[in-house]
Amino acid sequence: MIEHSHLKIIRALHINGTLTEAANNLCLSQPALSHQIRYLEKKIGVTLWEKEGRTLRLTQAGNLLLGVANQVLPVLSQAEETLKAYSEGQQGILRIGVECYPCFEWLTGIMSQFMQQLPDVDIDIVHKFQFSGLEGLLNHHIDILVTPDFIKKEQIYYEIITEYQLVLMVSADHSLAKNKQLTPEDLSRETLLTFPIPQERIDILTHFLTPSHLEPVKQKKIESLEIMLQMTALKRGVCVLPEWLADNKSKHFNLKKIRIGQNGLYRKLFLAIRDSDATIPYISKFIATGKKAAAVHL
C-alpha cells in the first residue's frame, strides 16, 4: 500500500514546508504532486497534511509516516548504493560519521592508510550536520561513528581505538606557560576557547572545573581549530586539545602545552557500530586498521 515514492513525498513536504518547494525538490509539477498526495490519502483513508497560511503542517498521521520515512529511506538508499558498489566490483560502501572536531582531525590524518588497506571499499565521510550521533547509526545514515563518548545503547557495539591525554594550550609567553601542571583555580581565571558543542560534552568542564565548583571567567565557542589556535597564540584565551593534536599543531604556532591536574586528564576514542555489522569483513578490517594506526600516530 505505502510505496517508496510516498515516503519520499512525505519527507519532502516536511523538509521544504510548501507544496511548490517540495515539488521542485522531487522534480515534479505541483499538480502532479498534489495528485499523488490525494491518491495516497484516499488509499489509507486519513489526511496527511494541512495548510497553515502558505506553509504545510503534517497531521498526526503524516508525522507517523514521516517517522517511517526517516527510518526506511536511509536503509533503502544504503542498500541501493551498496548494490551499485557490488556491481562495480567493490566490497561495499562504508559511511563514517565523525562526532567531534578532534575526531575529524584524527580521521583526516590517517585516511590514506584506510584507503590503502581497503581499496575495494568506497569510503564516505559524513559530517556532523548530516546525522545525529547514535540515532544516525541506528537509522543507517552512517555505518561507523567516531566518538569520544561511550553511551550504552542496545544494538550498539563500541571498540576502543586508543586512550589519549587532554592538555591545555597557552601562548608561549602566557603567565601559565612556566607551569608544569594546571589547577582548577588557574583555569578559572582564564577565557576558555571551546568548540561549539553542548556544555555537558566539554571534558575540561565536566571532569575538571565543575567538580571543583569553578568555571572560567569567560567562555568563547569557536568553530575553526585554526582560529582557536591563533587566538590562543595571541593570548585571547586558552584551549584544550588532545595531546597528539596539540603536538601536531603547536609547531605552526608559538604555543606551550600544560598537563591538566597532577595526574593528567585522559579520555578514550571509540568506534561505534551496529551489533549486526560486527561480522562484516571490511568493517572488522577498518577497526583493526584504525587501532593499528592510532597506536603509531597518537
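In what follows, the accompanying structure is described.

## Some words on the environment of Glu105
Considering the arrangement of structural elements, one finds Glu105 in helix α5 (residues 101-117). You can call Glu105 partly exposed: its relative accessible area is 27%. The residues touching Glu105, leaving out its near neighbours within four places in the chain, are Leu225, Trp244, Leu245 and Lys249.

## Let's talk about unusual backbone geometry
Even without being a glycine, Cys27 presents a positive backbone phi close to 60°. Here Cys27 lies in the loop between α2 (19-25) and α3 (30-44).

## Re the pairing of strand β11 (residues 255-260)
Judged from the 5 bridges that link them, strand β6 (residues 156-171) and β11 form a sheet pairing that is antiparallel. Among the inter-strand pairings, Leu168 is bridged to a residue of β11, identified as Ile258. As paired elements, strand β7 (residues 181-182) and β11 share 2 bridges and run parallel to each other. Each residue of the ladder has a partner; that of Leu182, found in β11, is Ile260.

## Re the pairing of strand β2 (residues 55-58)
Covered by surrounding structure in β2 are Leu56 and Leu58 only, the residues Thr55 and Arg57 on the alternate face being uncovered. As consecutive antiparallel partners, strand β1 (residues 49-52) and β2 are separated by 2 residues, and within that stretch Gly53 has a phi angle of approximately 70°, a positive value.

## Quick word on the packing of aromatic side chains
What the rule picks out here adds up to 6 aromatic pairs. Where Phe114 meets Phe286, the ring centres are 4.5 Å apart and the plane angle is 40°; that geometry is what we call tilted. You can see Phe114 sitting in helix α5 and its partner Phe286 sitting in helix α11 (residues 281-297), a full 172 residues away along the chain. Taking 5.7 Å as the distance between ring centres and 50° as the angle between the ring planes, the aromatic pair formed by Phe150 and Phe270 counts as tilted. Linking Phe150 in the loop between β5 (144-147) and β6 with Phe270 in strand β12 (residues 265-274), this pair joins segments that are 120 residues apart in sequence. The exposure class of Phe270 is buried, given its relative accessible area of 8%. Here the aromatic cluster, defined as three or more aromatic residues joined through ring pairs, consists of Trp106, Phe114 and Phe286.

Here is what the cut-offs are and how they apply
Residues numbered from 1 in each chain as written. Predicted model: local features only at pLDDT ≥ 70, side-chain atom pairs only at ≥ 80, totals over all residues. Heavy atoms only, no water. Helix = DSSP H or I, 4+ residues; strand = E, 2+ residues; numbered from the N terminus. Buried < 20%, exposed > 50% of the residue type's maximum accessible area, 1.4 Å probe, protein only. Contact = heavy atoms within 4.5 Å. Pairing = 2+ DSSP bridges. Phe/Tyr/Trp six-rings, centres within 6.5 Å; stacked < 30°, edge-to-face > 60°.

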